[in-house]
Structures are given as structure tokens and as C-alpha cells.
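Each chain is listed here by its residues.
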Amino acid sequence: MIDLIFLEDDPDLGTELADFLGEIGYRVTFVTTLAEFQAAFEPGRHHLAVIDVGLPDGSGLSLIHDLRKAGDRLGIVVFSARGTTPDKIEGLSIGADHYLSKGCDLAELSATLEALCRRLELASRQPWRLELGPRRLHMPDGSAVALSQQDLLVLRCLMETPGENISRKQIIQTLGGDYLSYDQRRLDTQMRRLRRKVFDCSGQELPVNTLRNSGYRFYAEALVQA
């Protein structure tokens, strides 16, 4: 499932469209302001963005300009009520991949996103694969790394529900520890070592977000196999 961030200031319309995007197969992060977008956007996880132009706290076009300036490899579709030819030219010139009017058929939005996924080769990406028996983590490029039993338990906890926030308590209980007495610095050290092990083996960053004072999230496609 491809992660998509959707910025629309109208909560009713936004909820309706977010539901539609979820129904056609995307994992949607729905936000209503620029500030919410900046807080929620994760370059390593979000591969597509659908962005409105007129927003209560600024311009969607300025946001697109900033995203492109930062070098984010992100598929961007403007979905706006401003649908004149000059509006479209400005949006495409500033960095949008496609510019659609809110009056378009939703099938056109779906087809546009599918075409963008093909161009960015998102649909063909292989998942991160965790083998339980041999205790191996397989990267999308085909490389693999052997895991300790503790590494395996932590990754299984995260990769069985990719995209979800997994609390420190859940992970510690999976490791067989008592949350109240467990030295949580051990968990931080283990995650650092695991990240370094994966990077040293494959040159790839382990797709795990650290949630401050909360836990972790595996944000890429994942498959757990016996």
C-alpha cells in the first residue's frame, strides 16, 4: 500500500476524498493546513501528495516550491478549485506533476495517481521481507542480513503492522521484559545497532521512524514469512 498525504482545508470534502483514496488502495494521511502538513509529512514514507492551493495559513504553491527545493522525490497532484489555464500553468511550472480541477470526475484523479505511480515506479517496489525461521531480513534490492533473536522479535513486532505506531511497552513485552523495570536505553541501543547493521550490509536506511517518548513505526511495505 502506497502512502499518500492529502492536504485539503475543507474538512467535509477532505474526509470524503480521503475515504475515496483509501478505497482505491492508498494509505492516506489527511491534513487541513500547511502546519499540519509540515508536522505529518515524512519524506521516507509518503511517496504521493494531493495538495489544495488555497489554504487558511498560506499557499499550496509555496509548499510545492519548498518541497521541490528540498529535493523530495515526491509525486505531486494539485487538486484545486482554481482551474483556469494560467492557474494550471503556474502550478505545473512550480513543480506539480499534474494539476486537476475539483470539478473533475474522481475516476480522473484515480487514473492520474495510477499513471504517476507507474512513472515513479512505486507499484513495482518490493517489500521488506522478514523470514522468521532463518532469522533474516531481506531488503527490496535483494540483499539480506542475518538477525539476532532480539532483532527478529523487534522487527516482527513492527513489521506485522506496518504504518502503525508501536509503543515501547509493546516492544518490551514482546522481548519478554517488564516495562516498569526494563532499562529503555537497552532498546534504544538495540535499534541503533540494528539500523547500523542494515545500512552496513545494504547501504539502505532501515525504514523505521522513532516516535519521541512513544515508540517506533515501520513505514515501508513489509512481509513477514515463517
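Look a little higher up for the structure.
A few points on the structure.

What counts, and where the lines are drawn
Residues numbered from 1 in each chain as written. Predicted model: local features only at pLDDT ≥ 70, side-chain atom pairs only at ≥ 80, totals over all residues. Heavy atoms only, no water. Core = buried A, V, L, I, M, F, W, Y, C linked by side-chain atoms within 4.5 Å. Buried < 20%, exposed > 50% of the residue type's maximum accessible area, 1.4 Å probe, protein only. Helix = DSSP H or I, 4+ residues; strand = E, 2+ residues; numbered from the N terminus. Pairing = 2+ DSSP bridges. Axes fitted to C-alpha atoms, helices over the stretch in contact; angles between N-to-C directions. Contact = heavy atoms within 4.5 Å. Parallel < 35°, antiparallel > 145°, perpendicular 65-115°, else oblique. Left-handed = near helix turned anticlockwise from the far one by under 90°. Nonpolar A, V, L, I, M, F, W, Y, C, P; charged D, E, K, R; others polar.

### Some remarks on the nonpolar core
And step 1. Counting residues in hydrophobic clusters, the biggest one holds 27 residues, and the most contacted among them are W128, L137, L158, I171 and L206.
And step 2. Only β8 (128-131), α6 (149-159), α7 (168-174), α8 (184-202) and β13 (215-218) provide two or more residues apiece to this core.
And step 3. Looking at which element gives the most residues to this core, the answer is α6, with six residues.

### Quick notes on the sheet that holds strand β3 (residues 46-51)
And step 1. Read across the sheet, five strands follow the order β2-β1-β3-β6-β7 without closing on themselves; strand pairing throughout is parallel. The open sheet is flanked by β2 (26-31) and β7 (98-101), the only strands paired with a single partner. Between one strand axis and the next, the sheet turns by 20 degrees as a mean value, whatever way the strands run.
And step 2. As defined by bridge partners, strand β6 (residues 75-80) adjoins β7 across four bridges and the pair is classed as parallel. Pairing of S80 across the sheet is with S101, part of β7.
And step 3. Sitting on the sheet, helix α1 (residues 11-23) is in contact with β1 (2-7), β2 and β6, with an inclination near 170 degrees to β2.

### Topic: the packing of α1 against helix α5 (residues 106-119)
And step 1. Where α1 contacts α5, the axes come no closer than 11 Å and their chain directions differ by 50 degrees. By the angle between their directions, the pair α1 and α5 is classed as oblique. Handedness of the α1/α5 crossing: right-handed. Here L17, F20 and L21 of α1 come into contact with α5, specifically with L106, L109, S110 and L113.
And step 2. Looking at the contact of α1 with α5, its residues break down into six nonpolar, one polar and no charged.

Interpretation in functional terms is not warranted from these geometric data alone.
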